[in-house]
Amino acid sequence: MSSIGKGISYRVFLQKYRRYCGKDAFNFNLLAVISLTDSLKSSFGPFGRDKLVLGENEFALAKDGFTILNTISPFSPVITLLKDSVKNLKETVGDGTLTAILLVGELLKKAVSLIVRGIPSSKIIKGYSLACKEALNMFETLSHKFKIEDSSQTQKIIYTVLHGSGLTDVEIAESKLCNLIQEAVYTVLEKSEDGVDFDLDQVKVMGLKEGFAEQSMLVKGVVFKSLSELHLAMPRRIVNPKILLVNSPIGVEKPYTATKIELTTPESLGRVRDYKVKSVLRFIDRVKQLGVNVVFCSRKIDDISMSYFAKNDILAVPNLSNTDIRRLSNATYARPVFNLENLQKSDLGQAEIVEERRFGRVKRIFVECKNPKAVTIFLLGATKRATVATRKALKAISTVIRKPRVLVGCGAIEMEVAQRLKSYALKLEGKEQLAALAFADALESLPLILASNSGINPLDALVKLRELHKHGKSTAGFDVEKGKMVEKIEKWIEPLEVKSQVLKSAVETTSVILSLDDILVNMEILKQ
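Residues numbered from 1 in each chain as written. Predicted model: local features only at pLDDT ≥ 70, side-chain atom pairs only at ≥ 80, totals over all residues. Heavy atoms only, no water.

## Describing the packing of helix H15 (residues 432–453) against helix H16 (residues 458–470)
- In contact at an axis separation of 9 Å, H15 and H16 are set at 130° when each is read in the N-to-C sense. Considering their axes alone, H15 and H16 lie oblique with respect to each other. The interaxial crossing formed by H15 with H16 has right-handed handedness. Of H16, the residues touching H15 (which contributes Glu444, Leu448, Ala451 and Ser452) are Pro458, Ala461, Leu462 and Arg466. (Axes fitted to C-alpha atoms, helices over the stretch in contact; angles between N-to-C directions. Helix = DSSP H or I, 4+ residues; strand = E, 2+ residues; numbered from the N terminus. Parallel < 35°, antiparallel > 145°, perpendicular 65-115°, else oblique. Left-handed = near helix turned anticlockwise from the far one by under 90°. Contact = heavy atoms within 4.5 Å.)

## Comments concerning the nonpolar core
- With 109 residues, the main nonpolar core has Tyr128, Leu162, Ile181, Ile377, Leu421, Phe439 and Leu503 as its most contacted residues.
- Residue contributions to this core peak at 12 residues, all from H15.
- Look past the residues within four positions of Phe439 in its chain and what remains in contact with it is Leu107, Tyr128, Ala131, Cys132, Ala135, Leu421, Leu503 and Val507.
- Within the second largest apolar cluster, 43 residues are counted, among which are Phe296, Cys297, Ile314 and Leu348. (Core = buried A, V, L, I, M, F, W, Y, C linked by side-chain atoms within 4.5 Å. Buried < 20%, exposed > 50% of the residue type's maximum accessible area, 1.4 Å probe, protein only.)

## Quick notes on the sheet that holds strand E11 (residues 242–246)
- The strand order across the open sheet formed by 4 strands is E13-E12-E11-E14, and the pairing between neighbours is mixed. What marks the edges here is a single partner per strand, and that holds for strand E13 (315–317) and strand E14 (349–350).
- With 4 bridges joining them, E11 and strand E12 (residues 294–297) adopt parallel strand pairing. Residue Ile243 lies in a different strand from E12, and its bridge partner there is Val294.
- Together, E11, E12 and E14 form the strand contacts of helix H12 (residues 322–332), whose direction differs from that of E11 by roughly 150°. (Pairing = 2+ DSSP bridges.)

Listed below in structure tokens is the structure:
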């Protein structure tokens, strides 16, 4: 009976799943990845085109690899693997996701030609690993020191990220994005004997469709949306307020266990209500004694408390996120409190103004402070792309502060390293030599994709660029703005850490795909 049962379950398994083994598995993975990467080539670079991606329950208009992969429904297990790799890259350095995807596709294409020639995948993986390690050392050698005090270098990194995200010069100039981001960084930046510290969480980016781009501003403090409507009787504008931050509910606490109260007379109901009011009044009286006129709370404030706050001209804002409470603490220098019974004057913070402002149909609460350690980049007339690009630029600055080394962009560094790798590969023995040469060719393909998308003939560009790099012009690349090749790239620089992580991520993902030889796929997914 047991053997019959196992036989039936195995037949059901075969009906539900399809199995790919050996070459079939490799071809299945190859087809999935290359079809995806080839479709994304036209999105690479500042002048890359957008993709309208339709997912199961959403759609996205984007050109960055993370958004596109995050929206589409995975049509192959290997796409899910690529998606996880890109997500990790996004969380680590914030940029370079599309570059990593394209490099995986190019490495797999080169691997196909090697496999056809009889080279096993294990040798290809080893050759790629050796070439990657050498390329990382070359990146380090070719990089130069980044100084956060040098505003021109900071501007170049910001400008490179914003343009790479698809923003035009007009969009950047109208919203003063480069200047806003740079000022935000220098405001939050903290210098010490150990070096420079930049807390990315203390720069909030908020974008609204309402208004005009030229009205965008840097708020030295915190801007946020109240999750619930404020009491109508509360003040909407307070100058030089004393601020209290609370990390616990304000009001009558509910018992942790089920409690039943029996009321036998009308007076009993009055006594219960009076008890609730007295417990609230004790806290509000203490708040008044300390001179507090603004209360920000990360939890709920009950209706009785809100009513008494309003009667005493105290602005109370409930249900703020823990992140906003931390930002408010850094901006106002107030200490968040949990115990409402032991409030001290030292717990309070100050601001220059707290005000609710209207933009079209939406309202936002502004907390502007003097010498804050938390700021808000407030973008008006902003698209989602502008908001995302601003966050990417801030992440790039955070990355380059952590490891202060930069490389020239616009395809210059990839072409230089590719030429050096070809010389390095000739020193290797065995079949790994061919894999290292293939790695160099794959890396060389990235500048060609960039040239093609920038209106430059890729074949002519390849010949000229190789010639320049052979004659020692290590910074020669494509000036994508002017649509021509130049001997020295100056305006476009990128963090070394971003380039290094992109290379590592692409090689690791490619190695995993090449090592797969058995895949089980749900037939329902294939039918879709």
